[in-house]
Amino acid sequence: NYDRTLELRIMPYTEGEYLMVVRDVSQVKQLEGMRRNFFANVSHELRTPMTVLQGYLEMSKDPDMLIGPMWDKAHGVMTEQLSRMNALVEQLLTLSKIEAAPNIELEETIDVPAMLDVLEKEAVSLSGGQDHLFTFEVDKSLKVLGDEDQLRSAISNLVYNAVKHTPANAEITVRWFLSSSGPRLEVTDLGQGIEPQHIHRLTERFYRVDKARSRETGGSGLGLAIVKHALSHHDSHLEIQSTVGEGSTFSFTLPQRLVAKAA
Ligand code: ADP
């Protein structure tokens, strides 16, 4: 592997002799780079709505500027930008909370069917009368052990993504059932699908296939990073299957040992 960063130190050892220490600092450098990138991304994401808000604040100094329809437009745009900032901060907090708790106890019994019931209503409302066609096929008796907040974050991000990243009228099917390997969630949408070269990068923080569209739909680019971490804490991982023009399935299987015994 030629792609390494080495740090060389030469220090006096004994009379006339020197000690040469070569340290491989590739990983440290890589982590530093990731940290820098992360902060640059967060700043960039916050700067855009802040600039818009600042612009309208400047305009509001002139009493003749923001009146009538202009005020209505300004109010709408400011509300939208503020909610974008809110969503980003919310997702950042969720991600940092999840990352800070790698060794959680998987002891809570989670009523996933009840969770999906609430999510179905939220998804319909997020779809905003655009009439996505939802089908929820849920094994009502299948509860699992785990961390409720983390699993809710994982499942809701997958369901919301299906709504946000598919056009109106796309069919969305959510299935929760006991597969031969363990409890399994599948979120399938008959949307536009994702080109193969993007798929392995989707769980990176701030990675989006279409930045403009993701922002338009209120996306922070952190959703799938949250899903990845939450699932890894449950000894599971995200599977993504997608065909351009046909749609995508985002799914995961929890280990069999996390099936909660019926009370
Ligand atoms: P975002 O906040 O943009 O939704 P995510 O991390 O949740 O961020 O998703 C990353 C990107 O993956 C999205 O911006 C989108 O390009 C793509 N994506 C996620 N889910 C879907 C889906 N169901 N169909 C098509 N593209 C998707």
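In the annotation of an unreviewed UniProt entry, the entry for the protein reads Phosphate regulon sensor protein PhoR, and the organism field reads Photobacterium aquae. Word for word, the UniProt comment on the protein under Catalytic activity (unreviewed entry) is "ATP + protein L-histidine = ADP + protein N-phospho-L-histidine." In its Subcellular location (unreviewed entry) section, UniProt records this for the protein: "Cell inner membrane".

Caption draft 1: Here's a closer look at the packing of aromatic side chains. For the coordinates displayed, the defined rule picks out three aromatic pairs. Centre to centre, the rings of F38 and F39 are 5.6 Å apart; their planes meet at 65°, and the pair counts as edge-to-face. Owing to a relative accessible area of 18%, F38 belongs among the buried residues under this scheme. For F39, a relative accessible area of 48% translates into the label partly exposed. Between F134 and F136, the aromatic rings sit 6.4 Å apart at their centres with planes inclined by 45°, giving tilted as the arrangement. We note that F134, like F136, is buried. What links up through ring pairs into an aromatic cluster is the set F38, F39 and F206. Just above the ring of F177 sits the side chain of R175; from NZ or CZ to the centre is 4.5 Å. The ring of F38 carries the charged tip of R205 above its face, separated from the ring centre by 4.7 Å.

The rules we used
- Residues numbered from 1 in each chain as written.
- Predicted model: local features only at pLDDT ≥ 70, side-chain atom pairs only at ≥ 80, totals over all residues.
- Heavy atoms only, no water.
- UniProt positions renumbered as here; feature names shortened; annotations may be inferred.
- Phe/Tyr/Trp six-rings, centres within 6.5 Å; stacked < 30°, edge-to-face > 60°.
- Buried < 20%, exposed > 50% of the residue type's maximum accessible area, 1.4 Å probe, protein only.
- Lys NZ or Arg CZ within 6 Å of the ring centre and 35° of its normal.

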